[in-house]
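Structural overview for review
As a plain string of letters, each chain reads:
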Amino acid sequence: MSGTALLLIDVINDLAFKGSDALVTQAEPMAARLAALKRRATAAGVPAIYINDNFGQWRSDFQQTVRHCTSPRSPGRQVSLRLRPTSRDYFVLKPKHSGFFDTTLDTLLDALRIRRVILAGIAGNICVLFTANDAYMREFRIFAPADCIVSNTAADNDHALRQIRTVLKGNVTESARLVFKNPQRPHELVG
């Protein structure tokens, strides 16, 4: 039986753009919930894969991105600090909205024998939704915990979650209700 992976989309983010205050306000409590989900997933043997913008820096170094986003002058500092990757985690840098487009994500998921993905992060109506769409087209089973995804506005986020649920057949159960089933088969997930 193939497994599950947790995809953390654009959570290592400086959130330094005009009008980002509302997003930062939503992202900070979301990060706490996502950190709790990541701890449970990691304990169950589920790999965490950070999928992050390269911010137009074609010589991107993910550790440099982490340092930049956790610096004191970064509006997204608290989110990035709470969700900072560990040495066990994977990362994929993406040039566009989807975590699949022009990245190594397909190859990594195949190598890890993944068929179910838990999508979480920023922004629900853009990068999370585009990644969910591409996961659906690749016949992955999609989980998108509603409390671990934020967008610029609540209306945008609700629309994205509705699309994931109805069009992409995704499960949008809140993160605390996702249960990693059997310790002998740690990648199984029910929601």
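Residues numbered from 1 in each chain as written. Predicted model: local features only at pLDDT ≥ 70, side-chain atom pairs only at ≥ 80, totals over all residues. Heavy atoms only, no water.

Let's talk about the overall build of the chain
The helix and strand tally for the chain stands at six helices and eight strands. When its helices and strands are written in sequence order, the chain yields β-α-β-α-α-β-α-β-α-β-β-α-β-β. Its C-alpha atoms give the chain a radius of gyration of 15 Å, near enough to 16 Å, the size a compact globule of 191 residues would have. Along the first, second and third principal axes, the C-alpha atoms of the chain reach 45 × 35 × 30 Å. When each of the 191 residues of the chain is scored for burial, the buried share is 50%. Entry remark: accessible area of the chain is about 9400 Å², with carbon and sulfur atoms responsible for 51%. The average position of the 25 basic charges and that of the 17 acidic charges among the side chains of the chain differ by 5 Å. (Helix = DSSP H or I, 4+ residues; strand = E, 2+ residues; numbered from the N terminus. Rg over C-alpha atoms; globule rule 2.2 N^0.38 Å. Buried < 20%, exposed > 50% of the residue type's maximum accessible area, 1.4 Å probe, protein only. Areas by Shrake-Rupley, 256 points an atom, 1.4 Å probe, with all protein chains shown as cover. Lys, Arg positive; Asp, Glu negative; His and termini not counted. Charge placed at Lys NZ, Arg CZ, Asp CG, Glu CD.)

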